[in-house]
Amino acid sequence: MRIARRLSLLAAVMAAVLVGAGAPAHAAEPPANIHWLYTTTGSGAMFFDADLEGYPSYEKITVCDNRTDDRGIYALLEGVDPHGDGPTDYVYYEFRDPSNDGQCRSWATNYFADGYKVRAEVCEYHGEILEYCRWGSGVA
């Protein structure tokens with residue numbers, strides 16, 4: 001199921017790349033956060049901070065499990081590799097908050113190339129099962 005989800009995300013990204021293929025390769029967009037994106041049940045959420053204050057080119061991803069229910073929260077983000085060969089060189093990252101322990105989990109670094117779209121999915125997980133997912137997008 002996880003592989004199918006990744007393949008569907010990859011297919012969506014490739015379709016977006018093909019549609020945008022007529023644009024100049026260096027057409028950069030201003031940073032755009034993915035504000036709190038909740039699972040369909042509202043049990044958890046993720047936030048994508050596209051331009052971390054004080055750290056140019058850094059993105060911060062925060063994942064929060066908001067309900068004690070034996071499920072964690074999973075986020076998958078995909079965008080253009082900042083160290084890659086161009087706007088069609090994609091990378092993806094997975095993040096998890098395994099429990100409602102009163103703390104969200106956050107990570108920050110230069111995950112994605114500036115000025116390009118980032119796609120995100122947030123889901124509940126239990127073992128390897130992903131459910132109640134939502135999608136969103138922003139710009140690194």
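Described below are features of the structure shown in this document. Think of each chain on its own: its residues are numbered from 1, step by step along the sequence as written. Where totals are concerned, whole chains, interfaces and linings use all residues; where local detail is concerned, this predicted model gives features only for residues with pLDDT of at least 70, and gives and counts side-chain atom pairs only at 80 or more. Each side-chain value is derived from all of the structure's non-hydrogen atoms; neither hydrogens nor water enter the calculation.

**A few points about the state of the cysteines**
Okay, so step 1: The rule for a disulfide is simple: a pair of cysteine sulfur atoms within 2.5 Å. Counted according to the given criterion, the structure contains two disulfides.
Okay, so step 2: The side chain of cysteine 64 participates in a disulfide bridge whose partner is cysteine 104; the two sulfur atoms lie 1.8 Å from each other. On the sign convention where negative means left-handed, the S-S torsion of about 110° between cysteine 64 and cysteine 104 marks this disulfide as right-handed. Of this pair, cysteine 64 sits in strand S3 (residues 59-65) while cysteine 104 sits in the loop between strand S5 (90-97) and strand S6 (105-109), and the two are 40 residues apart along the sequence.
Okay, so step 3: Cysteine 64 gets classed as buried once you look at its relative accessible area, which sits at 4%.
Okay, so step 4: In this model, cysteine 123 is linked to cysteine 133 through a disulfide, with the two sulfur atoms separated by 2.1 Å. Between cysteine 123 and cysteine 133, the S-S torsion sits near 115°, and that sign places the bridge as right-handed. Within this pair, whereas cysteine 123 is found in strand S7 (residues 117-126), its partner cysteine 133 is found in strand S8 (residues 129-139), the two being separated by 10 residues in sequence. Secondary structure follows DSSP: runs of H or I at least 4 residues long count as helices, runs of E at least 2 residues long count as strands, and numbering of each begins at the N terminus. Relative accessibility decides the category of a residue: with a 1.4 Å probe and only protein chains considered, values under 20% of the type maximum give buried, values over 50% give exposed, and everything between is partly exposed.

**Observations regarding the sheet that holds S6**
Okay, so step 1: Note: two strands are recorded as paired if DSSP finds a minimum of 2 bridges between them. Spatially, S1-S2-S3-S6 is the arrangement adopted by the four strands of the open sheet, whose pairing is antiparallel. Edge positions in the sheet fall to strand S1 (34-38) and S6, since each has one partner strand and no second. Strand-to-strand twist in this sheet, taken as the mean axis angle between neighbours without regard to direction, amounts to 10°.
Okay, so step 2: Examined bridge by bridge, strand S2 (residues 44-49) and S3 share six bridges and lie antiparallel to one another. Paired with alanine 45 across the two strands is cysteine 64, which belongs to S3. Axis definition: a line fitted to C-alpha atoms, limited for helices to the stretch in contact. Angles are taken between N-to-C directions and run from 0 to 180 degrees.

**Some details on the pattern of salt bridges**
Okay, so step 1: Salt bridges are counted wherever a side-chain nitrogen of Lys or Arg sits within 4 Å of a carboxyl oxygen of Asp or Glu. All told, the structure shown has five salt bridges when counted by the stated rule.
Okay, so step 2: Aspartate 97 is the salt-bridge partner of arginine 105, the closest N and O atoms lying 3.6 Å from each other.
Okay, so step 3: Note on arginine 105: relative accessible area 23%, which makes it partly exposed.
Okay, so step 4: Overall, the relative accessible area of 0% leaves aspartate 97 in the buried class.
Okay, so step 5: Put simply, Arg71, Glu124 and Glu131 are held in one network by salt bridges that share partners.

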